[in-house]
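Observations on the model geometry
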Protein chains: 2
Amino acid sequence: MTSLIDEAIARLREKGLRITDQRKSILRALAEAEAPMSAEEAHAALVNEACDLVTAYRCLDQFEKAKIVELGVRENGTKVYCLGHGQGHHHHLTCRGCGKTERIDICMGKELNEIAAHFGFVELSHVMEAFGVCPKCK
Amino acid sequence: MTSLIDEAIARLREKGLRITDQRKSILRALAEAEAPMSAEEAHAALVNEACDLVTAYRCLDQFEKAKIVELGVRENGTKVYCLGHGQGHHHHLTCRGCGKTERIDICMGKELNEIAAHFGFVELSHVMEAFGVCPKCK
DNA sequence: ATGAGTGCAAATAGTTTGCAAGCTG
DNA sequence: CAGCTTGCAAACTATTTGCACTCAT
């Protein structure tokens, strides 16, 4: 349980990235939410305005390049980041009304890789987000 | 072959939307590309600046609401629209280098619906885009 | 000490909105 | 001819960049 953040910090270290208070704060926010959040949301969730919004963008970008978080995209195009994919890659189902997020454990990554291989594509990645209206909001 | 556009026009009519030259041009552009394209790309593809960029945005938005096109999102957050999903829902694999797009016919829509039903979500939709580097670009 | 990281201001990209004028049904 | 559509200008949102300063290593 404690490990999500520590794991992330360890990975930062591995990649030669520096451990700053701002980065720790952002990681904490992501860990507490355990749902994908945008840079703005992550920034808003920080206690005491722990860092500038721009820094949130930059850190999340770094995190993604270091494979510490995974990138997703909302229906409206905003980018969202999610911590905790270390072992279990998964996706999300988000309510258009209240934003509530459920984790869904299906992924067509394997099939995708086969097809991509067939076309000769490499460095595969995919984005997949599901949206709907939750029981409370309908 | 001829039908993609005609079909779309028919559906416009059904929905009580008007058939204008601008809309026809945009549909033509989408049909010729048969790959997802952004509003800006669709606009750029129009011969003779057939309509304003804003109109392209508005039309595509209408088309999507009328279920004439499907909405997707790129890795960077730009929205893309794709014609021709009338019967065969599918997804795409896009090259990060040259933008080349391959159609992929897998979709976890069914599994998704089951899970969503389990959570009580309705009005499901999903976005899924795959990215990689094609043989030519690597 | 040295270069990665940060904050602030300003620039961009993509998309949306307000309003008067134009065209479709 | 009524109202959906369009064009143009301007507003907006999400994100990126330039630059001087600061702090982790």
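Right, let's walk through the structure included here.

1. So, a negative patch on the surface
On the surface, a cluster of negative charge is contributed by E111 and E114 of chain A together with E111 and E114 of chain B. Assignment of secondary structure puts E111 of chain B in helix α5 (residues 109-119). E111 of chain B sits in the partly exposed class, given a relative accessible area of 35%.

2. Here's the deal with the protein's contact with DNA strand C
Residues in close proximity to DNA strand C total 20 residues, the closest being R18, T20, R23, T55 and R58 of chain A. A share of 67% is what sugar and phosphate atoms reach among the atoms of DNA strand C within 4 Å of the protein. Measuring from a phosphate oxygen of DNA strand C, one finds a backbone N or O atom of I19 of chain B at 3.3 Å. For the surface near DNA strand C, the secondary-structure elements that each account for two or more residues are α2 (21-33) and α4 (53-65) of chain A together with α4 (53-65) of chain B. Each residue belonging to the surface near DNA strand C can be placed in one class, and the counts come to seven nonpolar, five polar and eight charged.

3. Description of the packing of helix α1 (residues 3-14) of chain A against α2 of chain A
All names here are of chain A. At a minimum axis distance of 10 Å, the contact between α1 and α2 shows a crossing angle of 140°. It follows that α1 is oblique to α2 by the angle criterion. Judged by the twist between their axes, the crossing of α1 over α2 is right-handed. Contact residues: α1 offers I5, A8, I9 and L12, while α2 offers K24, L27, R28 and A31. A breakdown of the residues in the contact of α1 with α2 according to their chemical character gives six nonpolar, no polar and two charged.

4. Remarks on the protein's contact with DNA strand D
Around DNA strand D there are 20 residues in total, and K79 of chain A together with R18, T20, T55 and R58 of chain B lie nearest to it. Across the atoms of DNA strand D situated within 4 Å of the protein, the share located in sugar and phosphate is 68%. Y57 of chain A has a polar side-chain atom sitting 2.9 Å from a phosphate oxygen of DNA strand D. For DNA strand D, a phosphate oxygen lies 3.0 Å from a polar atom in the backbone of D52 of chain B. Counting residues per element, the ones that place at least two in the surface near DNA strand D are α4 of chain A together with α2 (21-33) and α4 of chain B.

5. With respect to the interface of chain B and chain A
Every contact between the two is made by 39 residues of chain B and, on the other side, 39 residues of chain A. The contact between chain B and chain A buries some 3,200 Å² in all, and 69% of this surface belongs to carbon and sulfur atoms. Together, I106, F119 and F121 of chain B form the three largest contributors to the area buried by chain B at its contact with chain A, with a combined 18%. Linking chain B to chain A there are zero salt bridges. Run the count over chain B and chain A and you get twelve residue pairs in polar contact (both at pLDDT 80 or more). Looking at the side of chain B that touches chain A, the elements that each hand over two or more residues are β1 (69-73), β3 (91-95), β4 (101-104), α5 and β5 (122-133) of chain B.

6. Some points on the sheet that holds strand β4 (residues 101-104) of chain A
Taken in spatial order, the six strands line up as β4(A)-β3(A)-β5(A)-β5(B)-β3(B)-β4(B) in an open sheet, and their pairing is mixed. Among the strands making up the open sheet, the edge pair consists of β4 of chain A together with β4 of chain B. Between one strand and the next, the sheet's axes are offset by a mean angle of 25°, whatever the strand orientation. Here four bridges tie β3 of chain B to β5 of chain B, and the two strands are oriented parallel to one another.

7. Structural notes on the environment of T20 of chain A
Residues and elements named next belong to chain A. With respect to the helices and strands, the residue T20 is situated in the loop between α1 and α2. The exposure class assigned to T20 is partly exposed, which follows from its relative accessible area of 28%. As for T20 and I9, which are separated by eleven residues in sequence, their C-alpha atoms are 9.9 Å apart. Among the polar contacts listed, one links the side chain of T20 to the backbone nitrogen of R23, at a separation of 3.1 Å.

What counts, and where the lines are drawn
Residues numbered from 1 in each chain as written. Chains lettered and ligands numbered in written order. Predicted model: local features only at pLDDT ≥ 70, side-chain atom pairs only at ≥ 80, totals over all residues. Heavy atoms only, no water. Patch = residues over 30% accessible without salt bridge, like charges linked within 9 Å, V, L, I, M, F, W, Y side chains within 5 Å. Areas by Shrake-Rupley, 256 points an atom, 1.4 Å probe, with all protein chains shown as cover. Salt bridge = Lys/Arg side-chain N within 4 Å of Asp/Glu carboxyl O. Lys, Arg positive; Asp, Glu negative; His and termini not counted. Charge placed at Lys NZ, Arg CZ, Asp CG, Glu CD. Helix = DSSP H or I, 4+ residues; strand = E, 2+ residues; numbered from the N terminus. Buried < 20%, exposed > 50% of the residue type's maximum accessible area, 1.4 Å probe, protein only. Near = heavy atom within 4 Å. Polar contact = N/O pair within 3.5 Å; in protein donor to acceptor, adjacent residues only side chain to side chain. Nonpolar A, V, L, I, M, F, W, Y, C, P; charged D, E, K, R; others polar. Axes fitted to C-alpha atoms, helices over the stretch in contact; angles between N-to-C directions. Parallel < 35°, antiparallel > 145°, perpendicular 65-115°, else oblique. Left-handed = near helix turned anticlockwise from the far one by under 90°. Contact = heavy atoms within 4.5 Å. Buried area = accessible area lost by both parts, 1.4 Å probe. Pairing = 2+ DSSP bridges.

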